[in-house]
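The lines below spell out each chain.
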Amino acid sequence: MPMVTKLRLSPSRASDFRTCPQLYKFRVVDRLPEPPSEPQLRGTIVHKALELLFALPASERTREAASKSLLDSLDYHRGDIKELSQSLGKEAISEEGSNFPNLRTSCPPSSTNELTERIRSAGEKLLDNYFKLEDPASVEPLATEKWVSAVLFLSTGDEDVNGASQTELVGVIDRLERSPSGRLLITDYKTGSAPPKNYERDAFFGLRFYSLILAKLGKLTDQPPRIRLFYLQDAEVIEEDVTDATIAFTSKLITAVADAIKKALDTGDWRPNPGPLCDYCSFRRVCPAF
């Protein structure tokens, strides 16, 4: 297998490798097709609805406007909804009698209209909870759904002509804003449940990843940011202050992950990491661990 000279890494792909190197290989190296999931599509649609809401003038960001934004987002993603509905219908037939029933949805919809209504109803509840957390009219974002990228040099050597020791860190930040004191705030919307207290630290991995990118871009100026996770299913916010030490630790962690990925690409050694999450993995049937 030819060695990749320049790696591109997002928070989700870095998390994949940390969870299971074989999962990373299936998604990034082999690029195996992965069935769409209702929770993932619902999250995408609610994110788009909030992006549309914040595109409005502050005075117009009402609860009614959020519902209109949700309908616009559903219309924007109508092709994805149709594709998911068809996929779930076929899956319900193929999974009948299987020892490994699909866990992505407990009740496959019978039509695109039914799936659309299910997502709309769930989305309205998530938006209700969002409005319990803050008044969007009081927020003046610097950016929403902001694409960011920066280069990280690996521990294997200095930059060379082929970029072999570089990793491009990439991602999309849900919302950026400034606090009254001028501190940068990084907000991420989550449409799943809030984690238990002992898992909150892991939940901040993606936002720390973004903090590292912004630091590399020189966007943090005089002080590190504050990061916040809005869990819309539970109407709960968890947040923490990022420090210089946090950014330094995250840089070392991502460097180690990128080094390990490049080693695996070079050697072909992608060891699976079996565990409870395997029951939810789309690639279980082709995984060497099973």
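Data block above holds the structure.
Residues numbered from 1 in each chain as written. Predicted model: local features only at pLDDT ≥ 70, side-chain atom pairs only at ≥ 80, totals over all residues. Heavy atoms only, no water.

Comments concerning the packing of aromatic side chains
Worth spelling out the cut-off: Here the aromatic set is Phe, Tyr and Trp, taking the six-membered ring for Trp, and pairing holds for ring centres within 6.5 Å; pairs whose planes are under 30 degrees apart are stacked, those over 60 apart are edge-to-face, and all others are tilted. Working definition: helices are DSSP H or I runs of at least four residues, strands are E runs of at least two. Numbering for both runs from the N terminus. Throughout, exposure labels follow a simple rule: accessible area from a 1.4 Å probe, protein chains only, divided by the maximum for the residue type, with under 20% read as buried, over 50% as exposed, and the rest as partly exposed.
What the rule picks out here adds up to nine aromatic pairs. Ring centres of Tyr-189 and Phe-230 lie 6.3 Å apart, and the angle between their planes is 70°; this geometry places the pair in the edge-to-face category. Of this pair, Tyr-189 sits in strand 4 (residues 184-190) while Phe-230 sits in strand 5 (residues 226-231), placing them 41 residues apart in sequence. Residue Tyr-189 is classed as buried on the basis of its relative accessible area of 4%. What makes Phe-230 buried here is its relative accessible area of 3%.

A word on the pattern of salt bridges
What counts here: Salt bridge criterion: a side-chain nitrogen from Lys or Arg within 4 Å of a carboxyl oxygen from Asp or Glu.
Using the criterion set out here, one finds 24 salt bridges in the structure. The partner of Lys-25 in a salt bridge is Asp-30, and the shortest N-O contact between them spans 2.8 Å. Exposure remark for Asp-30: the relative accessible area of 31% places this residue in the partly exposed category. Of the charged contacts, one joins Glu-51 and Lys-48 as a salt bridge, the two residues approaching to 3.6 Å between their closest N and O atoms. With Glu-51 and Lys-48 both in helix 3 (residues 38-54), this residue pair falls three residues apart, about one helical turn. Overall, the relative accessible area of 19% leaves Lys-48 in the buried class.

Such coordinate-based values are descriptive only and should not be taken to indicate function.
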